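Listed here are the chains, written in short residue letters.
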Amino acid sequence: MNIFAARLTSGDNFLQLLGVLILFIVVLVITYLTTKFVGGVKMGALRESNFKVIDTYKLTQNKYLQIVKVGTRYFVIAVGKDDIRLLTELKEDEITVKDRNTRQNNNFQDILKTFKKQIEKEDKSGDLFVNQSEETELTEKEDHH
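Just so it is clear, the model here is predicted, and its values are computed rather than measured.

J.: Looking at this model, I keep getting lost on the sheet that holds strand β1 (residues 51–60). Mind explaining?
T.: In sheet architecture, strand pairing relies on hydrogen bonds along the backbone and comes in two forms, parallel and antiparallel. Pairing in this open sheet of four strands is antiparallel, and the strands run β1-β2-β3-β4 from one edge to the other. Only two strands of the sheet have a single partner each, and these edge strands are β1 and β4 (84–90). Across the sheet, the mean angle from the axis of one strand to that of its neighbour is 20 degrees, orientation sign disregarded. With eight bridges connecting them, β1 and strand β2 (residues 63–70) associate as antiparallel partners. Note that in β2 the partner of Thr60 across the bridge is Lys63.

J.: Explain the confidence of the model for the protein chain here, please?
T.: Parts of the model with low pLDDT should not have their predicted coordinates read in detail. Of the residues in the protein chain, 70% reach a pLDDT of 70 or more, and the chain-wide mean stands at 77. Averaged pLDDT values over the elements of the protein chain bottom out at 50 in helix α3 (residues 128–144) and peak at 93 in strand β3 (residues 73–79).

J.: Looking at this model, I keep getting lost on the nonpolar core. Mind explaining?
T.: Most often, soluble globular proteins have nonpolar side chains that are buried together. Ranked by size, the top nonpolar core spans six residues in total: Ile54, Ile67, Tyr74, Val76, Leu90 and Ile95. Filtering out sequence-adjacent residues up to four positions away, Ile67 remains in contact with Lys52, Val53, Ile54, Asp55, Tyr74, Phe75, Val76, Leu90 and Ile95.

J.: Would you mind showing me how to read the pattern of salt bridges here?
T.: Opposite charge on two side chains lets them pair, provided their charged atoms get close. Applying the stated criterion across every chain, the model contains two salt bridges. As a salt-bridge pair, Arg73 and Glu89 come within 2.9 Å of each other at their nearest N and O atoms. Separated by 16 residues along the polypeptide, Arg73 in strand β3 and Glu89 in strand β4 bring together distant segments of the chain. Taking the relative accessible area as the measure of exposure, Glu89 reaches 39% and is therefore partly exposed. Among the ionic pairs, Arg85 bridges to Asp83, the shortest N-O distance being 2.9 Å.

J.: Looking at this model, I keep getting lost on the pairing of β4. Mind explaining?
T.: Consecutive side chains along a regular strand alternate between the two faces of the sheet. Examined bridge by bridge, β3 and β4 share six bridges and lie antiparallel to one another. Looking across to β4, one finds that Phe75 is bridged to Glu89. In textbook terms, the turn of a hairpin is the stretch between consecutive antiparallel strands, and for β3 and β4 this stretch comprises four residues.

J.: When you look at the environment of Lys63 in this model, what are you seeing that I'm missing?
T.: On the secondary structure map, Lys63 appears in strand β2. Sequence separation between Lys63 and Ala78 is 15 residues; the distance between their C-alpha atoms is 7.2 Å. If we ignore the near neighbours within four places in the chain, the residues touching Lys63 are Tyr57, Lys58, Val79 and Gly80.

Parameters and conventions
Positions within a chain are numbered from 1, following the residues in the order the chain's sequence is written. Since the coordinates come from a predicted model, pLDDT governs what is reported: local features require at least 70, and pairs of side-chain atoms require 80 or more to be given and counted, while whole-chain, interface and lining totals use all residues. Hydrogens and waters are ignored; side-chain quantities use all the structure's heavy atoms. Two strands qualify as a pair provided that DSSP identifies no fewer than 2 bridges between them. Going along the chain from the N terminus, every DSSP run of H or I of four or more residues is numbered as a helix, and every run of E of two or more is numbered as a strand. Inter-axis angles, ranging from 0 to 180 degrees, are taken between N-to-C directions of lines fitted to C-alpha atoms, where helices are fitted over the stretch in contact. For every residue, the predictor assigns a confidence score, pLDDT, that lies between 0 and 100. Here, nonpolar core means buried Ala, Val, Leu, Ile, Met, Phe, Trp, Tyr and Cys residues that are tied together by side-chain atoms lying within 4.5 Å of each other. To sort residues, take the accessible area from a 1.4 Å probe on protein chains only and compare it with the maximum for the residue type: under 20% means buried, over 50% means exposed, and anything in between is partly exposed. Between two residues, a contact is recorded if the distance between any of their heavy atoms is within 4.5 Å. Between Lys or Arg on one side and Asp or Glu on the other, a salt bridge is scored when a side-chain nitrogen of the former is within 4 Å of a carboxyl oxygen of the latter.

So, in structure tokens, the structure goes:
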């Protein structure tokens with residue numbers, strides 16, 4: 001008798017499907033917990049580090065200027081594809097450190113509303129790019145008031 005020729009009942013099919021689904025959920029949970037653990041360890045190491053990238057400015061595709069804080073001193077470095085060069089040292093009063101925690105935190109609902117508005121404007125005029133620039137102008141005007 002051939003093992004592969006055995007017929008499965010619909011109950012057996014359901015149990016197999018349920019087993020695969022449970023296995024899939026277990027793998028997802030393990031992946032989530034592992035990612036959260038590794039991310040937490042990495043963030044802890046970055047917080048306690050003496051090295052911090054304060055700002056980055058992209059010059060070309062593979063070339064950047066960066067302001068880096070090492071201990072209590074600030075440096076401007078040029079980062080290329082194959083090399084890093086020290087350009088100058090800055091005094092603390094020569095730079096403006098922007099707190100990254102004060103950025104506007106948009107929740108998903110706000111982003112979705114903005115996206116829906118863009119889609120509605122696109123439907124009316126048929127040109128998304130014109131509407132994006134108009135929306136940018138409106139946002140800038142609101143920010144100035």
